[in-house]
Amino acid sequence: RKFHAWANSHGVTIRRMHADNAGELTGADLKREWEAKGIRLSACAPNEPRGNGMMERQWRTMANDTRHILAVSNLPASMWFYAMRAAVAASWAIPINSTETPWSRFTGHKPSALKYHVVGCLAFYKVHKPETKADMRARKAIHLGIAEDQAGYLLMDLETKKIKVSQIGRAH
């Protein structure tokens, strides 16, 4: 449902979904809902990953890219989710031929490479209400990727270890 809403927000109509026979994707309630929306469901044979080869290969690529980001950025393994989101976002902006990217094929709009920063790089974000006049106006953080539901970037404050959403003042 969340993916369907996200796709619709980008002007994309889903006509078909392919699943690996997982119960959460092939349940009777969800099938009825998809049929009502005009979405056709197909599934591969049970316990046969070769029937879902394209997605299995995509998972392998995402996992490899995630491990690479974690290794290069020195982020702990607990940050795998942010590394995977960044890997997927970047993969949508990589050209698949001389004129298209997956993002442009999906939405009809070219992706902007200017919004991407290296995951794990040092970033500074603005402190909007410092406690005293002598307090620093910016704090050090680690860049974790683009925020999903807000205009801004996900940053982990180096002192408090809390995740913040902010426009990056400067990323290094």
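### Considering the overall build of the chain
Helix and strand counts for the chain come out as 6 helices and 7 strands. Reading the secondary structure of the chain in the N-to-C direction produces α-β-α-α-β-α-α-α-β-β-β-β-β. Here the C-alpha atoms of the chain give a radius of gyration of 20 Å, more than 25% beyond the 16 Å that 2.2 N^0.38 yields for 172 residues. By the burial criterion, 28% of the 172 residues in the chain qualify as buried. For the chain, contacts bridging at least 24 residues in sequence account for 38% of all contacts bridging at least 6. As presented, the chain carries roughly 12200 Å² of accessible surface, and 56% of it is formed by carbon and sulfur atoms. Measuring between centres, the 26 positive side-chain charges of the chain sit 6 Å from its 15 negative side-chain charges.

### Some thoughts on the pattern of salt bridges
Scanning the model with the defined rule gives 5 salt bridges in all. A salt bridge links Asp157 to Arg139; the nearest nitrogen and oxygen atoms lie 2.8 Å apart. Of this pair, Asp157 sits in strand β5 (residues 153–157) while Arg139 is found in strand β4 (residues 138–146), placing the two residues 18 residues apart along the sequence. A relative accessible area of 1% places Asp157 in the buried class.

Rules of the game
- Residues numbered from 1 in each chain as written.
- Predicted model: local features only at pLDDT ≥ 70, side-chain atom pairs only at ≥ 80, totals over all residues.
- Heavy atoms only, no water.
- Helix = DSSP H or I, 4+ residues; strand = E, 2+ residues; numbered from the N terminus.
- Rg over C-alpha atoms; globule rule 2.2 N^0.38 Å.
- Buried < 20%, exposed > 50% of the residue type's maximum accessible area, 1.4 Å probe, protein only.
- Contact = heavy atoms within 4.5 Å.
- Areas by Shrake-Rupley, 256 points an atom, 1.4 Å probe, with all protein chains shown as cover.
- Lys, Arg positive; Asp, Glu negative; His and termini not counted.
- Charge placed at Lys NZ, Arg CZ, Asp CG, Glu CD.
- Salt bridge = Lys/Arg side-chain N within 4 Å of Asp/Glu carboxyl O.

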